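# Observations on chain architecture
If you want the building blocks of each chain, they are given just below.
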Amino acid sequence: MNRHHFSAVFLGIALFAQTCAHAQGTPVVQGPEAVADWFRAGQAFIEQSKSLHDNNRRAKNVVLFVGDGMGISTITAARILEGQLKNKSGEENRLSFDRFPYTALSKTYSWDQQTSDSAPTMTAMATGYKAREGMLSVNHTTARGECSAAVIDAKKIRTVLEHAAEMGKSTGIVSTARITHATPAALYAHTAMRDWEADSNLPTTDINTGAPCRGAEGAVKDIARQMIEVSPQVRKSLKVALGGGRTYFMPSTVMDPEYPKDKGRRLDGRDLTQEWVTSRAPYGQASYAWNKSQFDAFEPANNSYLLGLFEPSHVQYEADRANDPAGEPSLTEMTDKALRVLLKDPKGFFLHVEGGRIDHAHHAGNASRALTDTIEFSNAIQRTLDVLKNSGTLEDTLIIVTADHSHTFTIAGYPSRGNNILGLVREVPAKDGSPLKNSLDANGRPFTTLAYTNGPGARPNGRPDLTNVDTTHVDFLQEATVPLAAETHAGEDVAIYARGPKAHLVRGSMEQNWIFHVMMEALK
Ligand SMILES: [Zn+2]
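This section reports on the structure supplied with the text. (Residues numbered from 1 in each chain as written. Predicted model: local features only at pLDDT ≥ 70, side-chain atom pairs only at ≥ 80, totals over all residues. Heavy atoms only, no water.)

### Here's the deal with the coordination of the zinc ion
Spelled out, the test is: The donor definition counts N, O and S atoms within 2.8 Å of each metal and applies 3.2 Å to Na, K and Ca; water is not among these atoms, so some sites may look incomplete. Any site counts as irregular unless it has four donors with all angles between 85 and 135 degrees, making it tetrahedral, or four or six donors with opposite ones more than 155 degrees apart and the rest between 65 and 115, making it square planar or octahedral. Here a strand is any run of E in DSSP of at least two residues, a helix any run of H or I of at least four, and the numbering for each starts at the N terminus.
The zinc ion binds to the protein through Asp359 (OD), Asp359 (OD), His363 (NE2) and His489 (NE2), with metal-donor distances spanning 2.0 to 2.3 Å. In this structure, the zinc ion is coordinated by 4 donor atoms arranged in irregular fashion, with angles at the metal of 57 to 151 degrees. Read in sequence order, the donor residues for the zinc ion give the motif D-x3-H-x125-H. With aspartate 359 and histidine 363 both in helix 13 (residues 358–363) and 4 residues apart, the pair spans about one turn of that helix.

What follows is the structure, given as structure tokens:
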């Protein structure tokens, strides 16, 4: 049965039921479904499950989607918000990846962290190995702040992107964060410090040995430079890199083209955006784009390489993107373009897509932007399914959707079905026919469904009276218990969703680094 028709029909009944709800003694039907509908949906699920069969093909392509900080509560709340934006009650809605046939739980601790940052968690997925806090694709015997290029070279662990390049496949990276940020960087860079994104971020001397570091002979390269100077094999393979972080590629003597007050962050005087074009030229037509019109002008049919850096730092939140001065593509548009470049390779491809700013909005205590970025992340996954289906390669593509770690984000209280997910908790009334009423705390004040355990949303003078506050406003900061400048990550498991070749190996309770081993098993 087509779910959309199903929901649309019963939505009408639900609205009717609610408008009649004040009649004396009439039971309120909060959800749109009748008893038989729940049974029909359950039976349909069983029938679908019976027809599932293991796809044991070799994966021609692998796409790894990582929602940065996209814990399970974030997925639930985004699913409800997306449904409510379509005028449904929301809980029954399904994000694009909610339809994937296989799921598992992912344990996100790292070699030295109970609750991890993005560096070791993405390293786990990229290399098959759990690393140390802040380190990218080097092993745990690496000293913090290690500056020697020779030492890093000895300790580096090969990534799935590097393996795919060795297999002769094309590769790509798409993110709403800086392309040098921990999650995308773990695929192509090897370094002890995730913050060494431009050379100006490196210390002048090694904190362990006192040896000269930044710019010195034999010192490790900054992450932006590593992306340009990858091995010849990866250089040929890495066709698309789209995201933010432009100033990390620009010399400090050059002003940003979009924000003339910002300047480049490189002290070595190099313009790595131009070096991308010249270093890739031997392999094919290469371009650099920093705004939407240049991005749109790039035609995958007659171009091979595209570096797109659309902001000095991270790209805009989806909620703010329309106001960008020079215009920038959405995550869905970047993913679509990357796929059209990569699909030209008859040997297949590896693509990583990160919804990088779900995490940033959560750190800011701002659920609205975190959820709209999660919905856009889901849209990028749907677009991927559509593009692969149209190209006839969907069943040859392993698609994994997961998160690197969670956040302290909660869905709490006893809100009624269909209650605005960004709103105050309005509970099911004690008597049928009565209007929904706000839940109240011990002091008689209402509270929101969404909140954080810690972060900037903590109010130093106690709980505010939210009775007349628009908690659905895009800038509203959900309340938090522990006051912190930035809300933190959380340590519980995250979800993994999978479809395509070897997707059935995603099952049960998994260590995060096993995701790499599933991707490699599918590719081999
Ligand atoms: Zn974070």
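### A few points about the nonpolar core
To keep it simple, the criterion reads: What we call a nonpolar core is a set of buried Ala, Val, Leu, Ile, Met, Phe, Trp, Tyr and Cys residues that are connected through their side-chain atoms within 4.5 Å. Note on classification: 1.4 Å probe, protein chains only; a residue is buried when its accessible area is under 20% of the maximum for its type, exposed when over 50%, partly exposed between these limits. Contact definition: two residues touch when any of their heavy atoms are within 4.5 Å.
Among the nonpolar cores identified, the biggest contains 57 residues, and Leu64, Met227, Phe249, Phe350, Leu398, Ile400 and Met519 are the most heavily contacted of them. The element that contributes the greatest number of residues to this core is helix 15 (residues 514–523), accounting for 7 residues. Contact partners of leucine 64, with chain neighbours within four places excluded, come to Met122, Met125, Phe350, Leu351, His352, Val353, Ile400, Thr402, Ile515 and Met519. Listed in part, the 53 residues of the second largest apolar core include Ile80, Val174, Val315 and Ile421.

### Describing the pattern of salt bridges
What counts is decided by this rule: One side-chain nitrogen of Lys or Arg within 4 Å of one carboxyl oxygen of Asp or Glu is enough to make a salt bridge.
Inspection of every chain in the model, using the stated rule, returns 38 salt bridges. A salt bridge links glutamate 333 to arginine 321; the nearest nitrogen and oxygen atoms lie 3.8 Å apart. Of this pair, glutamate 333 sits in helix 12 (residues 331–342) while arginine 321 sits in the loop between strand 6 (305–309) and helix 12; the two residues are 12 residues apart in sequence, bridging distant segments of the chain. Look at the salt bridges and you will find they share partners, linking Lys221, Arg225, Glu229, Arg270 and Glu275 into a network.

### What to know about empty space enclosed by the protein
Counted only if it meets this: Definitions used throughout: a 1 Å grid over protein atoms alone; a cavity as a set of points that fits a 1.4 Å probe which cannot get out; a pocket as an open set with protein on both sides within 12 Å along at least five of seven lines; a lining residue as one with an atom within 4 Å of a point. Grid points are joined across faces, edges and corners, and a volume is the space filled by probe spheres set on the points. Residue classes follow a fixed rule: Ala, Val, Leu, Ile, Met, Phe, Trp, Tyr, Cys and Pro count as nonpolar, while Asp, Glu, Lys and Arg count as charged, and any other residue, Gly among them, counts as polar.
Here the structure, examined in full by the defined rule, presents 2 cavities of 30 Å³ or more. Together, 17 residues line the largest cavity, and Thr176, Glu318, Leu331, Asp373 and Glu376 are the ones closest to its centre. In terms of residue count, the dominant contributor to the lining of the largest cavity is helix 14 (residues 367–390) (3 residues). By residue class, the composition of the lining of the largest cavity is 6 nonpolar, 5 polar and 6 charged.

### Thoughts on the packing of aromatic side chains
The cut-off we apply is this: Any Phe, Tyr or Trp ring, taking Trp's six-membered ring, that has another such ring centre within 6.5 Å forms a pair; planes under 30 degrees apart are called stacked, those over 60 apart edge-to-face, and the others tilted. Comment: the charge-over-ring label is applied if NZ (Lys) or CZ (Arg) is within 6 Å of the ring centre and within 35 degrees of the ring normal.
Applying the stated criterion across every chain, the model contains 7 aromatic pairs. Ring centres of phenylalanine 97 and tyrosine 497 lie 5.0 Å apart, and the angle between their planes is 70 degrees; this geometry places the pair in the edge-to-face category. Remark: tyrosine 497 occurs in strand 16 (residues 494–499) and phenylalanine 97 occurs in the loop between helix 3 (72–85) and strand 2 (102–107); sequence separation between them is 400 residues. Between tryptophan 276 and tyrosine 305, the ring centres sit 6.5 Å apart and the planes meet at 70 degrees, which makes this aromatic pair edge-to-face. Of this pair, tryptophan 276 sits in helix 10 (residues 272–280) while tyrosine 305 sits in strand 6; the two residues are 29 residues apart in sequence, bridging distant segments of the chain. Overall, tyrosine 305 belongs to the buried group, its relative accessible area being 1%. Members of the aromatic cluster, connected to one another through ring pairs, are Phe65, Phe97, Phe377 and Tyr497. Over the ring of tyrosine 109 we find lysine 130, and its NZ or CZ is 3.5 Å from the ring centre.

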